[in-house]
Amino acid sequence: MASALDDDEISKDDYYSLLNVRREATQDELKASYRRLCMLYHPDKHRDPELKQQAEKLFNLVHEAYEVLRDPQARAIYDIYGKRGLEVDGWEVVERRRAPAEIREEYERLQKEREERRLQQRTNPKGTISVGIDATDLFDRYEEDYEDMVGGGIPHVEINKMHISQSIEAPLTTKDTAILSGSLSTHNGNGGGTINLALRKVTSTKGWGEIEFGAGDTHGPLFGMKVFRNLTPRFFVTAQCGLQFSSRGMRPGVTTVLARHLDKNTMGYLQWRWGIQSSMNTSIVRDTKSSHFTFAAQLGIPHTFLMMSYQYKFQDDDQTKLKGSVKSGFFGTVVEYGAERKISRHSVLGATVSIGVPQGVSLKIKLNRASQTYFFPIHLTDQLLPSAVFYATVGPLVFYVAIQQLVIRPYLRAQKEQDLEKQRESSASNIAKKKQEAEAAVLLMQESVRRIIEAEESRMGLIILNAWYGKFVTDNSKRHERAKVIDVTVPLQCLVKDSKLILTETAKSGLPGFYDPCVGEEKSLKVLYQFRGVMHQVLSGDTEPLRIPKQSHRIDGDT
């Protein structure tokens, strides 16, 4: 039953759009709109057999919409499931006699059960591939040392390390999950691998526990335990302990993390680690809609450091971020800066330049594709060379712009056109039917519109001169595209009452006399109207509410 309802392609706003009422409309608003449309579409008002037949269809459709929305139980079902939910014999999902609140509660329960079934089938795979590249020969070489060698003029770039890791989750019950993970690493010809199995159990709404078993060819067997617990709504703790077995004996380790919400956007952390790399660490993380800030201080063996990072988030569709950080400690000082940007629906590309003493200069390229991460750290030089910093900064920018213009944008544009074409093909028959109904409705409106215009002219009221609905081409760069609009002057004039036109926030393609002329594309409504003898014009979005007349719509010179 649930899957059938998920496939419902009929918009839940159809009935609301047809009656031109808000989704929160009262019974009085529904009744007023229904009576008006009944007067317009009543079959007895039309003598022509063809018009009479069309009027009967539209009259029945309006009556159907009103009967559903006037009944609280049917309306609750329609709001949740759409038309398909009303068509089920016996309505097996919930009893029709239940109150709207009970119907919604039952729906949420069914949704939860369906999510639990999906959870049992989900593996949630995550993976990382890291390829380290040594490109120091590009900047640190001595040219005279290679003059007499065959091929000596070509810099030597090599892959000196690789790391691959993968994990999958296997839900055993709604509270128990098994996590299998493994990794392989190699560095300058030497490498090894590990495999781990973790069993996690949710003990309550406040916490969970986990035990882990692992083995590898370099570290030996591993046994560990981890516990998470919310102590208060603003404070939680994580504790982890482990035993690493090797040829040198057993090496224990303990890690404890205390975290607290300092305010709505700020977290404070205290971490204590004892064992293989003992340390104490404190950090503050502030994450807002436009920025991300981190400050951390660590005292430990072998690394003691201070670190501060800042990330600025642009509020654009590509989710562009600029970031910079400074880290200084016993190991030296490292300054990093970079950026990342969304390049497709599931992919994020980032580049970071790392400048350190004594680490040198590196360029780090990272690509996140869904739950997979591809990381390419490129070591350019062991010294602080201005040429390495320049090429590490400018090179990725030039490469990104070239790829964006030559590959990514053409691909996304072609993909969008392909998706739109599929959508048009799948909805072609339904759109043809809607167009036929709209044209029939316009014919039935002619007499009513004539009377409305006469009444409005007599009081210098609201006259719709021209109205178009669909896709308008306003960008000069897209002038080659053809506008896809339909004339809706008559349907809008028919909705005028007492020199006012009020459209709700529902999609306008469902209004009487309207249909969708460009499926899947952004649509607008453009209206040129006259009120009190003065010309007005307005452009409204498809789902924006509209009230006319308005002073701000005037286009004469006396504004």
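Model, not experiment: these values are computed from the prediction.

Rules and cut-offs
- Residues numbered from 1 in each chain as written.
- Predicted model: local features only at pLDDT ≥ 70, side-chain atom pairs only at ≥ 80, totals over all residues.
- Heavy atoms only, no water.
- Helix = DSSP H or I, 4+ residues; strand = E, 2+ residues; numbered from the N terminus.
- Buried < 20%, exposed > 50% of the residue type's maximum accessible area, 1.4 Å probe, protein only.
- Contact = heavy atoms within 4.5 Å.
- Areas by Shrake-Rupley, 256 points an atom, 1.4 Å probe, with all protein chains shown as cover.
- Phe/Tyr/Trp six-rings, centres within 6.5 Å; stacked < 30°, edge-to-face > 60°.
- Patch = residues over 30% accessible without salt bridge, like charges linked within 9 Å, V, L, I, M, F, W, Y side chains within 5 Å.
- Salt bridge = Lys/Arg side-chain N within 4 Å of Asp/Glu carboxyl O.
- Pairing = 2+ DSSP bridges.

### Focus on the overall build of the protein chain
Here is step 1: In terms of helices and strands, the protein chain carries nine helices and 23 strands.
Here is step 2: Here the protein chain holds 559 residues, and the buried ones make up 36% of them.
Here is step 3: Within the protein chain, counting contacts between residues at least 6 apart in sequence, those at least 24 apart form 45% of the total.
Here is step 4: If you sum the accessible surface of the protein chain, you get close to 33,700 Å²; carbon and sulfur atoms cover 56% of it.

### Considering the packing of aromatic side chains
Here is step 1: Within the structure shown, the criterion is met by eight aromatic pairs.
Here is step 2: Ring centres of F228 and F236 lie 5.3 Å apart, and the angle between their planes is 45°; on these two criteria the pair is classed as tilted. Take F228 and F236: they sit in the same class, and that class is buried.
Here is step 3: Ring geometry for Y312 versus F314: centroids 4.9 Å apart, planes at 90°, classification edge-to-face.
Here is step 4: Take Y312: its relative accessible area is 36%, and that puts it in the partly exposed class.

### A word on a nonpolar patch on the surface
Here is step 1: Taken together, the side chains of I168, L172, L180, I195, L197, L199, F213, F223, M225, F245 and M250 define a hydrophobic patch exposed on the protein surface, amounting to about 950 Å² of accessible area.
Here is step 2: Put simply, the parts of the chain that give the nonpolar patch at least two residues each are β4 (190-204) and β6 (222-232).
Here is step 3: Looking at the nonpolar patch, the element that brings in the most residues is β4, giving three residues.
Here is step 4: Here F245 is to be found in strand β7 (residues 235-246).
Here is step 5: By relative accessible area, which is 34% here, F245 ends up partly exposed.

### Here's the deal with the pattern of salt bridges
Here is step 1: Under the counting rule described, the total for this entry stands at 18 salt bridges.
Here is step 2: One salt bridge in this structure joins K323 and E340, with 3.8 Å as the shortest N-O distance. Placement of the pair is K323 in strand β13 (residues 321-329) and E340 in strand β14 (residues 332-342), with a sequence separation of 17 residues.
Here is step 3: A relative accessible area of 25% means that K323 is categorised as partly exposed.
Here is step 4: Because the salt bridges share partners, they merge into one network encompassing E447, R450, R451 and E454.

### A short note on the pairing of strand β11 (residues 291-300)
Here is step 1: Relative to β11, strand β10 (residues 279-287) runs antiparallel, the two sharing nine bridges. Across the sheet, S283 pairs through a bridge with A296, a residue of β11.
Here is step 2: From the end of β10 to the start of β11, which pair antiparallel, there are three residues.
Here is step 3: In this structure, β11 lies alongside strand β12 (residues 305-313), joined through eight bridges in antiparallel fashion. Its bridge partner being in β12, H292 is matched across the sheet by Q311.
Here is step 4: Between β11 and β12, which follow one another and run antiparallel, lie four residues.

### Here's the deal with the side chain of K313
Here is step 1: Here K313 lies in strand β12.
Here is step 2: Beyond its immediate chain neighbours, meaning those up to four positions away, K313 contacts D287, T288, K289, S290, S291, H292, T320 and K321.

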